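Residues per chain, in single letters:
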Amino acid sequence: MAIRIVRLGTPRKTGEGTRIGTVRHPPRGVPKTEYAGRDLYDVWLPELAPSAELIAWARAGHWSDARWKTFRRRYRAEMGRPQARHLIELLASLSTTGNLSVGCYCEDETRCHRSVLRELLTEAGAVLA
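One structure accompanies this document, and this report is about it.

Reading guide: rules and limits
Residues numbered from 1 in each chain as written. Predicted model: local features only at pLDDT ≥ 70, side-chain atom pairs only at ≥ 80, totals over all residues. Heavy atoms only, no water. Pairing = 2+ DSSP bridges. Helix = DSSP H or I, 4+ residues; strand = E, 2+ residues; numbered from the N terminus. Contact = heavy atoms within 4.5 Å. Axes fitted to C-alpha atoms, helices over the stretch in contact; angles between N-to-C directions. Expected span 1.5 Å × (residues − 1). Buried < 20%, exposed > 50% of the residue type's maximum accessible area, 1.4 Å probe, protein only. Arc of directions from axis to C-beta.

## Thoughts on the sheet that holds strand E3 (residues 43–44)
Pairing in this open sheet of four strands is parallel, and the strands run E1-E4-E2-E3 from one edge to the other. Looking at the sheet topology across the chains shown, the edges are occupied by strand E1 (3–7) and E3. Pairing analysis gives four bridges linking strand E2 (residues 18–21) to strand E4 (residues 100–104), with the strands arranged parallel. Looking at the pairing, Arg-19 lines up with Ser-101 of E4. Relative to the sheet, helix H3 (residues 82–94) contacts E1, E2 and E4, its axis offset from that of E4 by approximately 140°.

## Focus: helix H2 (residues 65–79)
End to end, H2 covers 21 Å across 15 residues, agreeing with the expected 21 Å (1.5 Å per residue, within 8%). Among all positions of H2, only Arg-67, Trp-68, Phe-71, Tyr-75, Glu-78 and Met-79 are buried. Along the long axis of H2, the arc covered by the buried residues comes to 105°, so they all point the same way. Those residues of H2 that are exposed and angled more than 90 degrees off the buried face are Asp-65, Ala-66, Lys-69 and Arg-73. As for H2, its buried residues are in contact with helix H1 (52–59), H3 and helix H4 (113–123).

Following this line, the structure appears as structure tokens:
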């Protein structure tokens, strides 16, 4: 029993469990009825995605190390707010009793909010696959 951190749209692994999309927007041009079948997500949880403001800021400039460091700090601050923090704690708790996965569309996890989400889940006591 554990949480997997995944790239949405990649083939599911055996035993992955419910796939949760921590993205700001659902995929364009894909009917809701096809999200799960296309290995995108089963449940949409935009509350764990970076805010629209943070995404706009991130897309406005080149990804330097300093910019990435600022993004990480700002995203962590957003996830420290009560609603997001409670959801992270819930997912961490659920990881001890069943399998689930969380993810987003980004190709490179090292410069993606899901790498920070992995850290936050670990800090909250989640069991990670």
